[in-house]
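Residue-level structure breakdown
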Amino acid sequence: MSPHILILGGTTEARRLAAALAARPGLRVTTSLAGRVTRPGELVGEVRTGGFGGAEGLAAWLRTHRVDALIDATHPFAARITANALRAAADTGTPLVVLRRPGWQPGPNDRWYDVGSLTEAAEALPALGRRVFLSTGRLGLAAFAHLTELAFVVRSVEPPEPPLPPDLHVVLDRGPFDRVAETELLRAHRIDVLVTKDSGGEATAPKLAAARELGLPVVVVRRPEPPSGLPLAGDVAGVLEWLDTRGL
Ligand code: NAP
């Protein structure tokens, strides 16, 4: 029987990894999605959708579907599924690697303000500007709902969920983005300040280059601490090497 690889997905890297593994003969590859977005984009290989029911549910899935290797390629802020993956892998003896793109680092001319949460980002905003570009995703915007004096432009793949700040313009779009268009977007909306999660990766980084070009401050929500003992790969090539060492 072909070795079975389960990718926990929902990111650009997970999509790239599935495509890279499809090029390897004799592998069965399944990508798992949480099912949060209605149009998840093109994916190569088998796809399953929806939560597993905690670490126990994931462990049961690994056993039932005879998974030979588990790759957690979820978003750096998706802390719960990563903790579940670690537990389920340990409980079932399934080899696990976590594909985690490195976080973003500021350049010499960047005005970045590191914060630990969306709530802290909201606290920092009034001192930094009145017109805000929010690219932290469609969830958790309640943290900004009380900022009635500020104008927000929110960009997300699907419409954001209430409660929301009253002065809000929504841009529905999915990366990758490019620097010229990002600069134009920030100019067109007369943005004073950006808020982003430290997602890392190239697909959504051009907004940071655009902010630099326009001299705008950026509030960066830093990542939750990963659990200790997490086996990490920084990119798709790192995961492929990890699979090689296991003969997969
Ligand atoms: P989370 O808080 O870590 O996970 C919450 C629950 O959603 C998990 O306990 C699990 O349910 C289910 N789940 C999450 N990822 C799953 C997957 N790939 N396949 C099956 N079930 C999954 O995650 P989140 O922050 O809500 O993110 C959900 C998904 O969106 C992730 O796959 C992530 O890669 C993607 N995403 C997240 C962000 C972000 O900023 N958080 C940004 C971009 C994309 P059960 O316990 O029932 O198994």
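Residues numbered from 1 in each chain as written. Predicted model: local features only at pLDDT ≥ 70, side-chain atom pairs only at ≥ 80, totals over all residues. Heavy atoms only, no water.

Description of the domain arrangement of the protein chain
Split into domains, the protein chain comes out as domain 1 (4-102 + 226-244) and domain 2 (111-221). Domain 1 and domain 2 are separated by 29 Å when their C-alpha centres are compared. With 14 residues of domain 1 in contact, the opposing surface of domain 2 contributes 11 residues. Both faces combined, the contact of domain 1 with domain 2 buries some 950 Å², and carbon together with sulfur accounts for 45% of it. Scanning the region where domain 1 abuts domain 2 turns up four residue pairs in polar contact (both at pLDDT 80 or more). (Domains from an automatic or database assignment. Contact = heavy atoms within 4.5 Å. Buried area = accessible area lost by both parts, 1.4 Å probe. Polar contact = N/O pair within 3.5 Å; in protein donor to acceptor, adjacent residues only side chain to side chain.)

Focus on the site of the ligand
Near the ligand there are 21 residues, and of these Gly9, Ser32, Arg36, Phe52 and Lys197 occur at the shortest range. A distance of 3.4 Å separates an oxygen atom of the ligand from a polar side-chain atom of Asn84. Between the ligand and Lys197, the relevant distance is 2.7 Å, taken from an oxygen atom to a side-chain nitrogen or oxygen of the residue. Within the complex, 78% of the 810 Å² of free accessible area of the ligand lies under protein. (Near = heavy atom within 4 Å. Areas by Shrake-Rupley, 256 points an atom, 1.4 Å probe, with all protein chains shown as cover.)

Remarks on helix H1 (residues 12-22)
Those residues of H1 that fall on the buried side of the exposure criterion are Glu13, Ala14, Leu17, Ala18 and Leu21. Along the axis of H1, the buried residues cluster in a sector spanning 140°; they form a single face. Buried residues belonging to H1 abut strand S1 (4-8), strand S2 (28-33), strand S4 (69-72), strand S5 (96-99) and helix H7 (236-245). (Buried < 20%, exposed > 50% of the residue type's maximum accessible area, 1.4 Å probe, protein only. Helix = DSSP H or I, 4+ residues; strand = E, 2+ residues; numbered from the N terminus. Arc of directions from axis to C-beta.)

What to know about the packing of helix H5 (residues 179-188) against helix H6 (residues 206-214)
In contact at an axis separation of 8 Å, H5 and H6 are set at 55° when each is read in the N-to-C sense. Between H5 and H6, the crossing angle belongs to the class labelled oblique. Classified by chirality, the crossing of H6 by H5 is right-handed. Residue-level inspection shows Arg179, Glu182, Thr183, Leu186 and Arg187 of H5 in contact with H6, the latter providing Pro206, Lys207, Ala209, Ala210, Ala211, Glu213 and Leu214. Its residues placed into classes, the contact of H5 with H6 shows six nonpolar, one polar and five charged. (Axes fitted to C-alpha atoms, helices over the stretch in contact; angles between N-to-C directions. Parallel < 35°, antiparallel > 145°, perpendicular 65-115°, else oblique. Left-handed = near helix turned anticlockwise from the far one by under 90°. Nonpolar A, V, L, I, M, F, W, Y, C, P; charged D, E, K, R; others polar.)

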